[in-house]
Amino acid sequence: MSNAATQVPYKIYLREDQMPKAWYNLRADMKTKPAPLLNPGTGKPMTEQELSAVFCQKLARQELDNDTTYVPIPEKILNFYKMYRPSPLVRAYCLEKKLNTPARIFYKFEGNNTSGSHKLNSAIAQAYYAKQQGLKGVTTETGAGQWGTALSMACAYLGLDCRVYMVKVSYAQKPYRREVMRTYGAQVIPSPSDTTAVGREILSRNPDTSGSLGCAISEAVEASRAETGYRYVLGSVLNQVLLHQSVIGLETKAALDEYGIRPDLIIGCAGGGSNLGGLIAPFMAERLRGESDCRFLAVEPASCPSLTRGVFAYDFTDTGRICPMAKMYTLGSDFIPAPNHAGGLRYHGMSPILSQLYHDEYLEAVAVPQREVFQAAEAFARTEGILPAPESSHAIKTAIDEALRCRETGEAKNIVFGLTGTGYFDLAAYQRFHDGTLTDSIPSDEDLARSLEKLPKL
Ligand SMILES: *Cc1c(COP(=O)(O)O)cnc(C)c1O
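Residues numbered from 1 in each chain as written. Predicted model: local features only at pLDDT ≥ 70, side-chain atom pairs only at ≥ 80, totals over all residues. Heavy atoms only, no water.

Moving on to the overall build of the protein. From N to C terminus, the protein includes 19 helices and 15 strands. Rg of the C-alpha trace for the protein: 21 Å, near the compact-globule value of 23 Å for 458 residues, within the 12% margin. A principal-axis box enclosing the C-alpha atoms of the protein has dimensions of 60 × 50 × 45 Å. Relative to its 458 residues, the protein shows a buried fraction of 63%. Taking the intrachain contacts of the protein between residues at least 6 apart in sequence as the baseline, contacts between residues at least 24 apart amount to 77%. Looking at the protein as shown, the accessible area adds up to about 17400 Å², and 50% of this sits on carbon and sulfur atoms. Seen as two clouds, the 49 positive and the 49 negative side-chain charges of the protein have centres 3 Å apart. (Helix = DSSP H or I, 4+ residues; strand = E, 2+ residues; numbered from the N terminus. Rg over C-alpha atoms; globule rule 2.2 N^0.38 Å. Buried < 20%, exposed > 50% of the residue type's maximum accessible area, 1.4 Å probe, protein only. Contact = heavy atoms within 4.5 Å. Areas by Shrake-Rupley, 256 points an atom, 1.4 Å probe, with all protein chains shown as cover. Lys, Arg positive; Asp, Glu negative; His and termini not counted. Charge placed at Lys NZ, Arg CZ, Asp CG, Glu CD.)

The next point concerns the sheet that holds strand β1 (residues 11-12). In spatial order, the strands read β1-β4-β5-β15-β10-β11-β14; together these seven strands make up an open sheet with mixed pairing. At either margin of the open sheet sits one strand with a lone partner, and together these are β1 and β14 (364-368). In this sheet, strand β11 (residues 295-301) lies alongside strand β10 (residues 265-269) in parallel orientation, the contact comprising five bridges. Bridging from a neighbouring strand, Ile 267 pairs with Leu 297 of β11. Contacts from helix α12 (residues 239-258) reach β1, β4 (89-91), β5 (104-109) and β15 (414-419), with the element oriented near 140° to β5. Of the strands in this sheet, β5, β10, β11, β14 and β15 touch helix α17 (residues 390-409), which is tilted by about 165° from β15. (Pairing = 2+ DSSP bridges. Axes fitted to C-alpha atoms, helices over the stretch in contact; angles between N-to-C directions.)

Right, let's talk about the domain arrangement of the protein for a bit. Taken domain by domain, the protein comprises domain 1 (11-21 + 73-116 + 241-452) and domain 2 (33-64 + 119-232). The interface is formed by 39 residues belonging to domain 1 together with 43 residues belonging to domain 2. Carbon and sulfur atoms make up 68% of the surface buried where domain 1 meets domain 2, a total of about 3500 Å² over both sides. Sorting the residues of domain 1 by area buried against domain 2 places Phe 80, Ser 115 and Phe 425 first, and these three jointly supply 19% of that buried surface. Summed over the shared surface of domain 1 and domain 2, the number is one salt bridge. The shortest N-O distance in the salt bridge between Lys 174 and Asp 426 comes to 3.1 Å. For the pair domain 1 and domain 2, the number of links is 13 residue pairs in polar contact (both at pLDDT 80 or more). Among the elements of the structure, α4 (75-84), α12, β12 (311-316), β13 (325-330) and α15 (352-359) are those that each provide at least two residues to the side of domain 1 that touches domain 2. Of the residues that constitute the side of domain 1 that touches domain 2, the class distribution is 22 nonpolar, nine polar and eight charged. (Domains from an automatic or database assignment. Buried area = accessible area lost by both parts, 1.4 Å probe. Salt bridge = Lys/Arg side-chain N within 4 Å of Asp/Glu carboxyl O. Polar contact = N/O pair within 3.5 Å; in protein donor to acceptor, adjacent residues only side chain to side chain. Nonpolar A, V, L, I, M, F, W, Y, C, P; charged D, E, K, R; others polar.)

Taken together, 17 residues surround the ligand, and among them Lys 119, Ser 236, Ser 274, Asn 275 and Thr 420 come closest. His 118 is positioned with one of its side-chain polar atoms (N or O) 3.1 Å from an oxygen atom of the ligand. Take Thr 420: an N or O atom from its side chain is 2.7 Å from a nitrogen atom of the ligand. Summarising the interface, the protein chains cover 94% of the accessible area of the ligand, which totals 390 Å² for the free molecule. Taken together, the residues of the shell around the ligand sort by class into four nonpolar, eleven polar and two charged. (Near = heavy atom within 4 Å.)

Turning next to the packing of aromatic side chains. Following the criterion strictly, the structure yields 13 aromatic pairs and no others. Measuring from ring centre to ring centre gives 5.6 Å for Tyr 24 and Tyr 70, while their planes differ by 50°; the resulting arrangement is tilted. Taken together, the residues span a long stretch of sequence, with Tyr 24 in strand β2 (residues 22-24) and Tyr 70 in strand β3 (residues 70-72) at a distance of 46 residues. Taken together, a centroid distance of 5.2 Å and an interplanar angle of 75° make the contact between Tyr 128 and Tyr 129 edge-to-face. With relative accessibility at 16%, the residue Tyr 128 sits in the buried group. Exposure remark for Tyr 129: the relative accessible area of 5% places this residue in the buried category. Aromatic rings pair up to connect Phe 80, Tyr 81, Tyr 84 and Tyr 157 into one cluster. Directly above the aromatic system of Tyr 171 lies the positively charged group of Arg 178, at a separation of 4.0 Å from the ring centroid. The ring of Phe 312 is capped by Lys 327, whose NZ or CZ atom sits 4.6 Å from the centre of that ring. (Phe/Tyr/Trp six-rings, centres within 6.5 Å; stacked < 30°, edge-to-face > 60°. Lys NZ or Arg CZ within 6 Å of the ring centre and 35° of its normal.)

Structure (structure tokens):
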């Protein structure tokens, strides 16, 4: 195994004929399935019919499907994937040398498309099913802007209307993100806005609010219901999104298999859990079947620590409490990270699939403070050349820590991490880091207790 690994090229690309033709549904191999979404009105599991009022029909079906192992990827999506996939699996030779570690480090780089992240993998799938159903358009929210950008690209490709509610603070801080979305034809609205009842209500209570993801979700859902021919789409957290993102893990596995490499540890940043869920999917399947003892590690920001400090309970998925409730590790739907938090990954909850795997101890988690994350980002940029997104840099930070641990123990572990995107639109955060004004703010137990008090009582 070690001989094979030393011959690995700097980048492993798959040939077109080696690319996955079907997504892999991890739920099919989970003994304890993720808990069902509940209707916030009745407290009963959401039916396909109820879900179809919010999501496209096919996506509602994917959301509820805990049994189908492989879901064929429609031809049109495969063709779109070919424009920017396969993404490279990179052997981080330069980083290994810099760290003087016996570990072998690999990263799967998903930033090689204009939207700059893995989110395009699910955006094209969701836009495709909306188009196939004959819809006019889709609505969504975006925080940092990557999801909105990805969805704009997918909608432009398929000729769909795209309306994006962008968290107000990002709208102001990231004007160039907005222009990219407008270039692809999307309408971008700062949230909260006066275009929805929930937005007007939030503004009347708190006119100076900088907005939150949960609030933008409520607005996007309301907007999708207000007009016929529109549905809401979401870029993370949901089972369907993890299904689409399995393309990351399937490609990674095919590339590693080419060289006979078995990972010992797979690391990913976790906001809503979609890139991590996708990256680990086929490897977790082997672990669940008892065929491997690979470890899986989720990395979250210390300022938004849903897995490491949240509770596993049913919670609202949005601030307006109109979306289905999910059983997940959560900090409470009112939780908003401190304003100085710049590292993304700011959603209050975590994918129900990953939450269940964490609860069942198949997945581990760590929380890291943001200054260390930016230090790791800078070290990575200087050695491997890629300017990473702050979100991705949580995984970099932890991969470096683990590789340094291998230096202590002398273990030649195979470490794989997800490099989810590039950081060109995050230079204001980098600037604060370089100027020394970026601080770590970690919520107190009292802060968390306050937002957890408002969990729904079932
Ligand atoms: C959205 C995003 C994430 C976090 O989302 P997950 O659903 O947890 O994967 C991580 N990295 C980048 C670059 C992103 O855009």
